[in-house]
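# Fold and geometry: a report
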Amino acid sequence: MVEQHTCTGVLPGWEQVDRLVADAYEYARGSADGAVADYIPALAQVDPELFGVAVAEVDGGLHGVGDVGVEFSIQSISKAFVYALVCQALGHDAVAERIGVNNTGLAFDSVIAIELNDGHPMNPMVNAGAIATTALLPGGSAGEQWEAIRAGLSAFAGRPLELDSAVYRSEAATNQRNRAIARLLESYGRIEADPLEVVDVYTRQCALRVTATDLAVMGSTLADGGVNPISGKRVVSATVCRDTLAVLAANGLYQRSGEWLFDIGLPGKSGVAGGIVAVSPGKAGIGTFSPRLDPAGNSVRGKLATAHLSRALGLNIFASDAVTEPRSGGRAP
Ligand code: GLN
């Protein structure tokens, strides 16, 4: 088979990937654009210079440069993996009907998006849809739902993830807006459980601690049809991965999802602590961490590093090499 580096091909060899991860790190490190999130007080304390880039290949190969072992709160990136767990439990149609898959075109914490859509949360990657998704998790109590999330996200990462209690407490004390969103969803009959208990579980899921390497492995599990490439354990089905990646492509970077897809061409998800996960189906997961964010809440260096890797490794899912030889059975022009 001819080796090619488009999305339909394979990754280059291990050493070349390793070198390109280092190149991506150097390329993005030059930017000091953006600002650290401060609407959650604990996040404002972070060192803005922290930066790490990690790649986890679906065959288990790991690459990393910079602060790839530093823990930070997963924040909105949790939405992708909780959505996958809920799809696994309830099935494609039930979740699509209840939550939706279309972009709001508005900020992740938009209230007006709910009003404009008759109380429909629109998609699971904005706060309204994520809170409604968490509410769907099976379990008799908020405590059981939280344990299911912690266990499920740990299975995606291949190691036990812990709560950052300082970040959790800080957000729980200041998340009036998310509580308002949950109450609004309740008023439209979109949440059946106690809305404040659901927001509490959601706030905990956002405060789980991960590293850039964890994000790469979690992304690689989605790239690998639901099997964690390090532990070898199945976490969700291949169908759930396909659905989750489609939702990420449309909504993972909020109202900037179109730009992200145009520039980078991969399903991805960002969080306000500075993490980004990107997924190259069948090949690898990319995890980056850098706390300075663009105005939509997406890590600036993370976007630059992921864009560099997507180009250098030929990951863009829309890119293909021109076929200049007639395929067997095909006709020459
Ligand atoms: N926990 C954060 C919130 O609900 C997550 C937002 C994000 O990462 N974009 O506001």
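What counts, and where the lines are drawn
- Residues numbered from 1 in each chain as written.
- Predicted model: local features only at pLDDT ≥ 70, side-chain atom pairs only at ≥ 80, totals over all residues.
- Heavy atoms only, no water.
- Helix = DSSP H or I, 4+ residues; strand = E, 2+ residues; numbered from the N terminus.
- Expected span 1.5 Å × (residues − 1).
- Buried < 20%, exposed > 50% of the residue type's maximum accessible area, 1.4 Å probe, protein only.
- Contact = heavy atoms within 4.5 Å.
- Near = heavy atom within 4 Å.
- Polar contact = N/O pair within 3.5 Å; in protein donor to acceptor, adjacent residues only side chain to side chain.
- Areas by Shrake-Rupley, 256 points an atom, 1.4 Å probe, with all protein chains shown as cover.
- Nonpolar A, V, L, I, M, F, W, Y, C, P; charged D, E, K, R; others polar.
- Phe/Tyr/Trp six-rings, centres within 6.5 Å; stacked < 30°, edge-to-face > 60°.
- Salt bridge = Lys/Arg side-chain N within 4 Å of Asp/Glu carboxyl O.

### What about helix α6 (residues 142–157)?
Here α6 is 16 residues long and its end C-alpha atoms lie 22 Å apart, about the 22 Å a rise of 1.5 Å per residue gives. What α6 keeps buried is the set Q145, W146, I149, G152, L153, S154, F156 and A157. On its buried face, α6 is in contact with α2 (77–90), α5 (127–136), α9 (195–206) and α10 (212–223). Backbone geometry just downstream of α6 places G158 in the positive-phi region, at approximately 75°.

### Side note on the site of the ligand
Every residue near the ligand is listed here: Y39, Q75, S76, F108, N127, E171, N178, Y202, C206, Y254, G271 and V272. In the environment of the ligand, a nitrogen atom lies 2.6 Å from a nitrogen or oxygen atom belonging to the side chain of Q75. A distance of 2.8 Å separates an oxygen atom of the ligand from a polar atom in the side chain of S76. In the complex, 99% of the free accessible area of the ligand, which totals 290 Å², lies under the protein chains. Here the shell around the ligand is built from residues that sort into six nonpolar, five polar and one charged.

### Description of the packing of aromatic side chains
Counted according to the given criterion, the structure contains five aromatic pairs. For the ring pair Y39 and F108, a centre distance of 6.3 Å and an interplane angle of 40° mean the geometry is tilted. On the criterion of sequence distance, the pair formed by Y39 in the loop between β1 (35–36) and β2 (52–57) and F108 in the loop between α3 (92–99) and α4 (112–116) is long-range, its members being 69 residues apart. Each member of the aromatic cluster is reached from another via a ring pair, and the members are Y39, F108 and Y254.

### Quick notes on the pattern of salt bridges
A pair can form between side chains of opposite charge whenever their charged atoms are brought close. Under the counting rule described, the total for this entry stands at 18 salt bridges. Among the ionic pairs, D214 bridges to R159, the shortest N-O distance being 2.7 Å. Here the residue D214 occupies a position in helix α10, and R159 occupies one in the loop between α6 and α7 (165–174), the gap between them amounting to 55 residues. Given a relative accessible area of 5%, D214 falls into the buried group. Two residues, D200 and R204, come together in a salt bridge whose shortest N-O distance is 3.2 Å. With D200 and R204 both in helix α9 and four residues apart, this pair spans about one turn of that helix. The exposure class of D200 is partly exposed, given its relative accessible area of 26%. By relative accessible area, R204 is classed as partly exposed at 23%.

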